[in-house]
Amino acid sequence: MNKKILLATLIVFQALGLYAQGPVRDRIKTLKVAFITERLSLSQKEAQSFWPIYNKHEGKMEAIRRKERLELKSKIPLVQDLTNQESSSLLTQYLSIQNEKNKAEQAFINNLEGVISPKKILLLLKAEEDFKKRLLQQYRKRQGGG
């Protein structure tokens with residue numbers, strides 16, 4: 001078991017070393033898939049059902065994040081110049097997007113039930129957070145070191 005964790009960790013760090021090169025997004029996605037597969041110990045049958053659900057969810061969440069960046073994040077620096085009405089509208093958009101994220105997460109978990117165990121669903125949520133933390137740590141390390 002420790003060898004598997006070590007292997008997954010090394011894969012993540014190796015990928016992060018490639019961060020500044022080529023199609024970074026694809027490399028990170030590949031590493032994330034390996035990391036999650038390792039953490040969940042998916043059987044072949046589970047993996048066949050799990051990955052299509054996961055990939056569809058990831059696509060939906062990326063679309064929501066893109067919408068968030070376009071509609072909200074670009075306007076946040078301008079907050080000082082917004083009227084109360086514009087601020088209220090922006091806040092309504094923010095709450096709507098947060099609600100959309102929550103609904104997508106709930107649907108995702110509901111879709112996973114019966115495909116993998118509740119314990120593996122929780123392990124997935126933890127694995128995703130762990131992966132993000134490692135990615136951020138490596139990014140910060142690279143920024144400080146170079």
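What counts and what doesn't
- Residues numbered from 1 in each chain as written.
- Predicted model: local features only at pLDDT ≥ 70, side-chain atom pairs only at ≥ 80, totals over all residues.
- Heavy atoms only, no water.
- Helix = DSSP H or I, 4+ residues; strand = E, 2+ residues; numbered from the N terminus.
- Buried < 20%, exposed > 50% of the residue type's maximum accessible area, 1.4 Å probe, protein only.
- Polar contact = N/O pair within 3.5 Å; in protein donor to acceptor, adjacent residues only side chain to side chain.
- Contact = heavy atoms within 4.5 Å.
- Expected span 1.5 Å × (residues − 1).
- Axes fitted to C-alpha atoms, helices over the stretch in contact; angles between N-to-C directions.
- Parallel < 35°, antiparallel > 145°, perpendicular 65-115°, else oblique.
- Nonpolar A, V, L, I, M, F, W, Y, C, P; charged D, E, K, R; others polar.

### Quick notes on the side chain of K101
Mapped onto the elements of the fold, K101 is located in helix α4 (residues 84–112). Overall, K101 belongs to the buried group, its relative accessible area being 17%. A polar atom in the side chain of K101 sits 3.0 Å from the side chain of E68. Those residues in contact with K101 that lie beyond four places of it in its chain are M61, I64 and E68.

### Points about α4
The end-to-end C-alpha distance of α4 is 42 Å, a good match for the 42 Å that 29 residues give at a rise of 1.5 Å each. What α4 keeps buried is the set L90, I97, K101, A104, F108 and L112. Positive phi appears at G114, one or two residues downstream of α4, with a value of about 95°.

### Remarks on the packing of helix α3 (residues 44–73) against α4
How two helices sit against one another is set out by the angle between their axes and by the gap between those axes. Contact geometry for α3 and α4: axes closest at 10 Å, N-to-C directions at 175°. By the criterion of interaxial angle, the relationship of α3 to α4 is roughly antiparallel. For the pair α3 and α4, contact is made by F50, I53, Y54, H57, K60, M61, I64, K67, E68, E71 and L72 and by L90, Q93, Y94, I97, Q98, E100, K101, A104, E105, F108, N111 and L112, respectively. Its residues placed into classes, the contact of α3 with α4 shows twelve nonpolar, four polar and seven charged.

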